[in-house]
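Close look at the chain arrangement
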Amino acid sequence: QVQLVESGGGLVQAGGSLRLSCAASGSIFSINAMNWYRQAPGKQRELVATISSGGSTNYADSVKGRFTISRDNAKNTVYLQMSSLKPEDTAVYYCYARVIPRGGIAFRDYWGQGTQVTVSS
């Protein structure tokens, strides 16, 4: 089994910064993409940022220039550095990883439990 555990959420004033972390653990052979999603109250979950195993990144237009995704493959961990935060960034942030489990041959999708980010105006 594979687990994703997020940390780093909290309450911050507009203009502030937060760094989210997501560590994957368990029976892992390899990890392909690692992504961050978010879901605000009453809204659909949206993709925030992606990073491939090789380090290629993509961002939602709403966070470009403010958020940076990175990963440490040795630690099976993905990070999201969030700066210049706005009240509209308030949401539950979810980590996602596409993983080949140890002993497996196909990718499987795993999600973290979510971490709340609240930006006050």
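Here goes a summary of the coordinates provided. Just so it is clear, the model here is predicted, and its values are computed rather than measured. (Residues numbered from 1 in each chain as written. Predicted model: local features only at pLDDT ≥ 70, side-chain atom pairs only at ≥ 80, totals over all residues. Heavy atoms only, no water.)

**Let's talk about the overall build of the protein chain**
Across its full length, the protein chain carries zero helices and 11 strands. Secondary structure of the protein chain in N-to-C order comes out as β-β-β-β-β-β-β-β-β-β-β. A compact globule built from 121 residues should have a C-alpha radius of gyration of about 14 Å, and the protein chain, at 14 Å, falls within 12% of that. Each of the three principal axes of the protein chain carries a C-alpha extent, and together these read 50 × 25 × 25 Å. Looking at the protein chain as a whole, 41% of its 121 residues qualify as buried. Accessible area of the protein chain: about 6300 Å², with a carbon and sulfur share of 47%. Measuring between centres, the 12 positive side-chain charges of the protein chain sit 5 Å from its 7 negative side-chain charges. (Helix = DSSP H or I, 4+ residues; strand = E, 2+ residues; numbered from the N terminus. Rg over C-alpha atoms; globule rule 2.2 N^0.38 Å. Buried < 20%, exposed > 50% of the residue type's maximum accessible area, 1.4 Å probe, protein only. Areas by Shrake-Rupley, 256 points an atom, 1.4 Å probe, with all protein chains shown as cover. Lys, Arg positive; Asp, Glu negative; His and termini not counted. Charge placed at Lys NZ, Arg CZ, Asp CG, Glu CD.)

**Describing the side chain of Arg 66**
By secondary structure assignment, the location of Arg 66 is in the loop between strand E6 (57–59) and strand E7 (67–72). Overall, the relative accessible area of 12% leaves Arg 66 in the buried class. Filtering out sequence-adjacent residues up to four positions away, Arg 66 remains in contact with Gln 81, Met 82, Ser 83, Ser 84, Leu 85, Lys 86 and Asp 89. (Contact = heavy atoms within 4.5 Å.)

**Brief notes about unusual backbone geometry**
Across residues other than glycine, the phi torsion is negative in most instances, and most of the peptide bonds are trans. Positive phi values are uncommon outside glycine, yet Asn 76 reaches one of about 50°. Within the secondary structure layout, Asn 76 lies in the loop between E7 and strand E8 (77–82). If you check the backbone angles, Ser 84 has positive phi at about 50° while not being a glycine. Examined against the element boundaries, Ser 84 turns out to sit in the loop between E8 and strand E9 (91–101).

**Some details on the pairing of E8**
Each regular strand carries side chains that alternate between the two faces of the sheet. Counted residue by residue, E8 has five buried out of six residues, so it is predominantly covered. With six bridges joining them, strand E3 (residues 18–26) and E8 adopt antiparallel strand pairing. Following the sheet pairing, Cys 22 is matched in E8 by Val 78. Sheet topology note: the E7/E8 ladder contains six bridges and is antiparallel. Across the sheet, the residue bridging to Ser 70 is Tyr 79, located in E8. (Pairing = 2+ DSSP bridges.)

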